[in-house]
Amino acid sequence: MSSKIQDNLSSEFDAFSVNYTEDMIDVVPHYEQLIQCFNDYLPSGSNPQKILDLGAGNGNSTAALIRRFPDAHYTFLDASPEMLDICEQRFSGANSERIQSYFSDVDYGIDQYDVILAGFSLHHCKADEKRRLFKRLKRGLTSGGVLAMSDLFISKSDKAHPQLLADWEQFIRTNDPSGEKWLWLKEHYDAFDSPHNFESQKEWLMEAGFSSVEIGWREGYWMHVLAR
Ligand SMILES: C[S@@+](CC[C@H](N)C(=O)[O-])C[C@H]1O[C@@H](n2cnc3c(N)ncnc32)[C@H](O)[C@@H]1O
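Computed from a predicted model, the values in this text were never measured in an experiment.

Draft legend 1. Examining unusual backbone geometry more closely. Its identity as a non-glycine residue notwithstanding, His30 has a phi of 65 degrees, on the positive side. Of note, His30 is situated in the loop between α2 (20–27) and α3 (31–40). Judged by the 19 C-beta atoms lying within 10 Å of it, His30 is partly exposed. Not every positive phi belongs to a glycine, and Phe120 is a case in point at roughly 55 degrees. The topology assignment puts Phe120 in the loop between β4 (113–119) and α6 (127–140).

Draft legend 2. Just the environment of Ser80, in detail. Tracing the chain through its elements places Ser80 in the loop between β2 (73–78) and α5 (81–90). In contact with Ser80, not counting residues within four places along its chain, are Ser10, Phe13, Asp14 and Ser17.

Draft legend 3. View of the site of the ligand. As a matter of local geometry, the ligand sits amid 19 residues, with Phe13, Gly55, Gly57, Gly119 and His124 nearest to it. Mapped onto the shell around the ligand, the elements with two or more residues apiece are α1 (9–16) and α4 (60–63). Residue classes in the shell around the ligand are distributed as 10 nonpolar, eight polar and one charged.

Draft legend 4. Examining the pairing of β2 more closely. With five of six residues buried, β2 lies mostly within the body of the structure. By the bridge criterion, five bridges tie strand β1 (residues 50–54) to β2 in an arrangement that is parallel. For Asp53, the partnering residue across the bridge sits in β2 and is Phe76. Of the strand pairs in this sheet, β2 and strand β3 (residues 95–100) are connected by six bridges, and their pairing is parallel. Each residue of the ladder has a partner; that of Tyr74, found in β3, is Ser96. Note that the unit made of β2, α5 and β3 has a crossover that is right-handed.

Draft legend 5. Up close: α6. In this model α6 runs 20 Å from its N-terminal to its C-terminal C-alpha over 14 residues, within 8% of the 20 Å that 1.5 Å per residue would give. The complete set of buried residues in α6 reads Lys130, Leu133, Phe134, Leu137 and Gly140. Along the long axis of α6, the arc covered by the buried residues comes to 125 degrees, so they all point the same way. Where α6 is buried, its residues meet β4, β5 (141–152) and α9 (198–207).

Draft legend 6. Molecular detail of the sheet that holds β3. Taken together, seven strands build an open sheet; the order of strands is β3-β2-β1-β4-β5-β7-β6 and the sheet is mixed. The open sheet terminates on both sides in strands that have one partner only, identified here as β3 and β6 (213–219). Direction aside, the axes of adjacent strands within the sheet are offset by 15 degrees on average. Each of β4, β5, β6 and β7 (222–227) is contacted by α3, which is oriented at about 165 degrees to β5, the strand it contacts most. Against the sheet, α5 touches β2 and β3, its axis set at about 175 degrees to β3.

About the thresholds
- Residues numbered from 1 in each chain as written.
- Predicted model: local features only at pLDDT ≥ 70, side-chain atom pairs only at ≥ 80, totals over all residues.
- Helix = DSSP H or I, 4+ residues; strand = E, 2+ residues; numbered from the N terminus.
- Buried ≥ 20, exposed ≤ 12 C-beta atoms within 10 Å, placed from the backbone.
- Contact = placed C-beta atoms within 7 Å.
- Near = placed C-beta within 6 Å.
- Nonpolar A, V, L, I, M, F, W, Y, C, P; charged D, E, K, R; others polar.
- Pairing = 2+ DSSP bridges.
- Right-handed = clockwise from strand over helix to strand, strands pointing away.
- Expected span 1.5 Å × (residues − 1).
- Arc of directions from axis to C-beta.
- Axes fitted to C-alpha atoms, helices over the stretch in contact; angles between N-to-C directions.

Structure follows, in structure tokens:
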């Protein structure tokens, strides 16, 4: 992980793809637990035929589900071609397709997906983009479909945010006493990340037509949220 920040999100994640999972475990509290939540909190009785992995990265969210639903069709959507190459190799036998695009440029259609997975990807969207995207994702879901999100749910302007950052720094420095990973994370977070509170996102999701928005699992502001 280099501390040099790339000039746009796609090349930033191309560079990040090299040791992605190892780096995520070191820099994101509860990362493995929050990925496992995609399987553990999927509504019981679910039998999705079409699954969209929104901001798939190297496919860790899909990996939490694919053994349970080996015959489903998986769509990997990401701006980073390097990440999509990893997904393609990792799930080479799966019924899948890749879409290399920014979220805002994709046609999600109507009634297309039974499950949309968003693992640590929506925090890259600013408030307006998130609100517009939630509406388009809702239309893209089948009736009874679910949007599952694992992410950080706190706004940078929240009064608890400075403490979140202090705790986060301590977590990363424990994993990497050199301080290199914290420096990289902070630069990346300042340049690319735009998390929002659960309450705001719940409001935007309801406005988009979801009727239920629930926290499945949380530890502080790190949450797994299901919108239906
Ligand atoms: C932190 S990674 C998460 C990857 C994976 N879902 C996981 O849980 O580990 C975020 C991914 O979303 C992609 N991404 C973020 N914002 C995006 C956008 N607006 N359009 C397309 N891809 C985006 C990045 O390229 C990156 O691969």
